[in-house]
Amino acid sequence: MLTLRKASDRGLANHGWLKSFHTFSFASYRDPREQGFSDLLVINDDRVAAGKGFGQHPHRDMEIFSYVLEGALEHKDTLGTGSVIRPGDVQLMSAGSGVAHSEFNHSASKPVHFLQIWIVPEVAGAKPRYQQEHFSAEKKRGRLQLIISPDGKHGSLKVRQDARVFAGLFDGKESATLELAANRYAYVHVARGSVELNGQALREGDGVRVREEQLLTLSNGVDAEVLVFDLRPQELPEMP
């Protein structure tokens, strides 16, 4: 069963320097029907103006990863980590017992477009850690490249949860199929372009909850970049 979440139905926060679309409830945007899916809690589609960004702020007991689509994102945290994240880079910060970080547009003249995604960890109070890896376009072209997993398989970043994240690029006749284990859930997010999921047309910003399906096929892409989340079969309770 595929349940479509249209891009136009997402929450929007426009602060001038920041334009952020919220797939799930976040900050002042609240929808009791949209507060995450399984352990996937946040997908924020952020565009930050040149020279602007998020000042230092704390996180705790959350797996947070950033996926840059255009531009460059500068990261600094209280673990002593500092880096610039560009397209193809995946940065995963496991906040654990507590960490503070800042994120800024690295460019003084160009905007940065990135996804910030939160996954609920299976353990609380763990030691904070930081990981970053580059996955080239060649690795993602016409296939689903594993970028995040519990065990770091195929060079993926290690997440503290029974969750796996795949990234793929699709254009024209390129296609890929992902087989899910029995009773698993999945979430598909179209980061840019357009693509078909099991024959259903999706556009940039669309998301799909997947239940009771074991084969996911992505095809007929037009400059598409897609993230697929393989998740535990559980539902979050609705907000009161």
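These remarks concern the structure in this document. (Residues numbered from 1 in each chain as written. Predicted model: local features only at pLDDT ≥ 70, side-chain atom pairs only at ≥ 80, totals over all residues. Heavy atoms only, no water.)

Considerations on the overall build of the protein
Within the protein one finds one helix and 20 strands. For the protein, whose C-alpha radius of gyration is 17 Å, the value lies close to the compact-globule estimate of 18 Å for 240 residues. Overall size of the protein, expressed as C-alpha extent along the three principal axes, is 45 × 40 × 40 Å. Buried positions account for 52% of the 240 residues belonging to the protein. Long-range contacts, defined here as pairs at least 24 residues apart, represent 72% of the contacts in the protein between residues at least 6 apart. The protein carries 29 positive and 31 negative side-chain charges, and their two centres are separated by 3 Å. (Helix = DSSP H or I, 4+ residues; strand = E, 2+ residues; numbered from the N terminus. Rg over C-alpha atoms; globule rule 2.2 N^0.38 Å. Buried < 20%, exposed > 50% of the residue type's maximum accessible area, 1.4 Å probe, protein only. Contact = heavy atoms within 4.5 Å. Lys, Arg positive; Asp, Glu negative; His and termini not counted. Charge placed at Lys NZ, Arg CZ, Asp CG, Glu CD.)

Here's the deal with the packing of aromatic side chains
Considering all chains together, one arrives at five aromatic pairs under this definition. Between Phe 65 and Phe 229, the ring centres sit 6.5 Å apart and the planes meet at 40°, which makes this aromatic pair tilted. Here Phe 65, found in strand β6 (residues 63-70), pairs with Phe 229, found in strand β20 (residues 215-231); they are 164 residues apart in sequence, far enough to count as distant. For the pair formed by Phe 65 and Phe 229, the shared burial category is buried. Ring-pair connections join several aromatic residues into one group, and the members of that group are Phe 24, Phe 37, Tyr 185 and Tyr 187. (Phe/Tyr/Trp six-rings, centres within 6.5 Å; stacked < 30°, edge-to-face > 60°.)

With respect to the sheet that holds strand β2 (residues 11-14)
With antiparallel pairing, the seven strands of this open sheet are ordered in space as β2-β3-β4-β11-β6-β9-β12. Bordering the open sheet on either side are β2 and β12 (129-134), each of which pairs with just one other strand. Put simply, the sheet's adjacent strands are angled 15° from each other on average, direction ignored. Pairing geometry for strand β9 (residues 89-94) and β12, over six bridges, is antiparallel. Residue pairing in the sheet places Val 90 in a bridge with Glu 133 of β12. (Pairing = 2+ DSSP bridges. Axes fitted to C-alpha atoms, helices over the stretch in contact; angles between N-to-C directions.)

A short note on the pairing of β20
On a regular strand, one side chain projects to one face of the sheet and the next to the other, so that they alternate. Among the 17 residues in β20, 12 count as buried, and that is most of the element. Relative to β20, strand β15 (residues 164-170) runs antiparallel, the two being bridged by seven bridges. Bridge pairing links Val 165 to Phe 229 in β20. In this sheet, β20 lies alongside strand β16 (residues 176-179) in antiparallel orientation, the contact comprising four bridges. Counted as the bridge partner of Ala 176 is Leu 218 from β20. As defined by bridge partners, strand β17 (residues 185-197) adjoins β20 across 10 bridges and the pair is classed as antiparallel. Looking at β20, one finds that Glu 196 is bridged to Ser 219.

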